[in-house]
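Listed below are the residues making up each chain.
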Amino acid sequence: MAKAYVYTRHGGPEVEALIDREPPRPGPGQLLVAVRAAGVNPVDHKLRGGYRRPGQAPAELPEVLGSEAAGVVAEVGPDVTGFAVGDPVFGSTLTGGYAEYTLLPVAVAAHKPQGLSFAEAAALPVAAATAYDGVRQLALPAGATLLVTGVGGGVGGFVARLARHEGLRVIGTASDGKKEYVESLGVTHVAPGPDLVERIRALAPDGVDGVFDLVGGEHLRTVAELVADRTKLITAGGKGIVGELGGSPVARARTAEVLDAVAALAAADVLRPHITAVYPLARAGEALRSVESGHARGKVVIEVGQ
């Protein structure tokens, strides 16, 4: 039997539990991975609450929490090439990352670079890959100005690093408590609140060339007017309203090729994760709560094994 942190029904934190279960068995195109670390993301508590990604099957309860993990291949399923038992890997999980064992489909798995820790690798598949896909989607030229809403969070930090690496000027909204961190990314910090548009226009009188939104809601509506070309307005936080504003959601590739690319950038210190808190599996609930509060800076990671 192996430990796994699950939700037993849809709801709030009260439906979570640490249980013993049989490790899953890998099917065709899958890897059984002994988990060393798992990333924690806002989508984790949204899934617990009943959200399902487009095309995702209904939850089979109890369902293991977590969308990304890194570890060591323990077993290789049929029709798998390029991976072997003992390989350090990371990727998007099929059976949840908050567990001692999980399944990674090889279509969204990659080899862990030697220069990255398991914790760092586990922090890449959701946030870093979202940032990578979105910055590629915007395709702004060097010297352009990008506004990133919610820049102080896990995805935002990756967006800022990648955008700065590509020669973009970055303005970011985040709470005053995250100002020092935001400025350490080379980003011009702007606090949310009254007169937000006017304060951003003081920094960019002609508006901005692109908006990468990670907040959604009225915050997204407010800043949308700052970009004239709405094809350069994308969101990972306001998918329900971005269409009416003339923008679009971040188009996620979800491929092994993207994971290879972000891993190479992380190993080169361009997209190395900013991990601000690490919890053991026994305290997975605390880890998720720190992200669910909306106040986490950078990435939160659960360490599972040695």
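Here the structure is shown first, and the text comes after it.
I will try to describe carefully the structure that is included in this document. Position labels on residues start from 1 in each chain and follow its written sequence. Owing to the predicted nature of the model, reporting of local features is limited to residues with pLDDT of at least 70; listing and counting of side-chain atom pairs is limited to 80 or more, with chain, interface and lining totals taken over all residues. With hydrogens and water set aside, each side-chain value is computed from the structure's full complement of heavy atoms.

1. Remarks on the overall build of the chain
And step 1. Each helix is a run of H or I in the DSSP string that is no shorter than four residues. Each strand is a run of E no shorter than two, and both are numbered from the N terminus. Per the secondary structure count, the chain includes 9 helices and 16 strands.
And step 2. Radius of gyration means the value over C-alpha atoms here, while the globule rule gives 2.2 Å times the residue count to the 0.38 power. Radius of gyration (C-alpha) of the chain: 19 Å, near the 19 Å computed for a compact globule of 306 residues.
And step 3. Along the longest, intermediate and shortest principal axes, the C-alpha atoms of the chain span 60 × 40 × 35 Å.
And step 4. A 1.4 Å probe rolled over the protein chains alone gives each residue an accessible area, and that area as a share of the maximum for its type sets the label: buried under 20%, exposed over 50%, partly exposed in between. Within the chain, buried positions represent 55% of all 306 residues.
And step 5. Here, residues are in contact when the closest pair of their heavy atoms is within 4.5 Å. The contacts in the chain between residues at least 6 apart in sequence include a share of 66% that link residues at least 24 apart.
And step 6. Total accessible area on the chain stands at roughly 12600 Å², and carbon and sulfur atoms take up 51% of it. Computed with a 1.4 Å probe, the accessible areas rest on the Shrake-Rupley method; for each residue, only the protein chains presented here act as cover.

2. Remarks on helix α4 (residues 154-165)
And step 1. Here α4 is 12 residues long and its end C-alpha atoms lie 17 Å apart, about the 16 Å a rise of 1.5 Å per residue gives.
And step 2. Of all 12 residues in α4, 9 are buried; the element is thus mostly enclosed.
And step 3. Buried within α4 are the following residues: V155, G156, G157, F158, V159, A160, R161, L162 and A163.
And step 4. A positive backbone phi angle near 85° is found at G167, which sits one or two residues after α4. The length a helix should cover is 1.5 Å for every residue beyond the first.

3. Description of the pairing of strand β12 (residues 210-213)
And step 1. Of the two faces of β12, the one carrying G210 and F212 and the one carrying V211 and D213 are both buried.
And step 2. Any two strands are treated as partners once DSSP identifies two or more bridges connecting them. Of the pairings in the sheet, the one linking strand β9 (residues 145-149) to β12 comprises 4 bridges and is parallel in character. Paired with L147 across the two strands is V211, which belongs to β12.
And step 3. Judged from the 3 bridges that link them, β12 and strand β13 (residues 233-235) form a sheet pairing that is parallel. Bridge pairing in β13 links F212 to I234.
And step 4. Every crossover in which the path from the first strand over the helix to the second runs clockwise, viewed with the strands pointing away from the viewer, is termed right-handed. A crossover links β12 with its parallel partner β13, the connecting element being helix α7 (residues 217-224), and its sense is right-handed.

4. Overview of the packing of aromatic side chains
And step 1. Between 30 and 60 degrees the pair is tilted, below 30 it is stacked and above 60 it is edge-to-face, where a pair is any two Phe, Tyr or Trp rings, Trp via its six-membered ring, whose centres lie within 6.5 Å. In this structure the tally under the stated criterion is 0 aromatic pairs.
And step 2. Above the ring of F118, the side-chain terminus of K112 is found at 4.9 Å from the ring centroid.
And step 3. Over a ring means this: the NZ of a Lys or the CZ of an Arg is within 6 Å of the ring centre and within 35 degrees of the ring normal. The ring centre of Y132 lies 4.3 Å from the NZ or CZ of R136, which sits over that ring.

5. Some details on the pattern of salt bridges
And step 1. Only one rule defines a salt bridge in this text: a Lys or Arg side-chain nitrogen within 4 Å of an Asp or Glu carboxyl oxygen. On inspection of all chains with the given rule, the structure shows 15 salt bridges.
And step 2. The salt bridge partner of R252 is D133, with a shortest N-O separation of 2.8 Å. Of the two residues, R252 is situated in the loop between β14 (248-249) and α8 (256-267) and D133 in helix α3 (residues 124-138); the sequence distance between them amounts to 119 residues.
And step 3. Residue R252 is classed as partly exposed on the basis of its relative accessible area, which comes to 22%.
And step 4. Note that E286 and R283 form a salt bridge whose closest N and O atoms lie 2.9 Å from each other.
And step 5. For R283, a relative accessible area of 37% gives the class partly exposed.
And step 6. Several salt bridges converge on common partners, so that one network encompasses E16, R48, R289 and E292.

6. Re α3
And step 1. Taking 1.5 Å of rise per residue, 15 residues should cover 21 Å, and α3 covers 20 Å from first to last C-alpha, within 8% of that figure.
And step 2. Extensive coverage of α3 is indicated by the burial of 13 of its 15 residues.
And step 3. Immediately downstream of α3, the backbone of A139 shows phi near 50°, a positive value.

7. Structural notes on the pairing of strand β5 (residues 68-76)
And step 1. Here 8 bridges tie strand β3 (residues 30-40) to β5, and the two strands are oriented antiparallel to one another. When the bridges of β5 are listed, A37 appears paired with A70.
And step 2. Pairing analysis gives 5 bridges linking β5 to strand β6 (residues 88-92), with the strands arranged antiparallel. Across the sheet, residue A69 finds its bridge partner in β6, namely G91.

8. As for the sheet that holds β9
And step 1. One open sheet accounts for 6 strands, arranged β11-β10-β9-β12-β13-β14; its pairing is parallel. Strands with a single pairing partner mark the edges of an open sheet, and in this sheet they are β11 (188-190) and β14.
And step 2. In this sheet, β14 lies alongside β13 in parallel orientation, the contact comprising 2 bridges. Its bridge partner lying in β14, I234 is registered against S248.
And step 3. In this fold α3 packs onto β9, β12, β13 and β14, with an angle of close to 160° to the strand it touches most, β12. Here an axis means a line fitted to C-alpha atoms, over the contact stretch when the element is a helix, while the angle between two N-to-C directions is reported on a 0 to 180 degree scale.

9. What to know about the packing of α3 against α4
Packed helices, taken two at a time, are described by the angle their axes make and the gap between the axes.
And step 1. The N-to-C vectors of α3 and α4 enclose an angle of 45°; their axes lie 8 Å apart at closest approach. Judged by the inter-axis angle, α3 sits oblique to α4. Between α3 and α4 lies a crossing whose hand is right-handed. Across the interface between the two elements, L124, A127, A128, T130, A131, Y132, V135 and R136 of α3 pack against G154, V155, F158, V159 and L162 of α4.
And step 2. Only Asp, Glu, Lys and Arg are considered charged in this grouping, and only Ala, Val, Leu, Ile, Met, Phe, Trp, Tyr, Cys and Pro are considered nonpolar; every other residue, Gly among them, is considered polar. Split by residue class, the contact of α3 with α4 holds 10 nonpolar, 2 polar and 1 charged. Should an angle fall under 35 degrees it is called roughly parallel, over 145 degrees roughly antiparallel, and 65 to 115 degrees roughly perpendicular, with every other angle called oblique. By definition, turning the near helix anticlockwise from the far helix through less than a right angle yields a left-handed crossing, and turning it clockwise yields a right-handed one.

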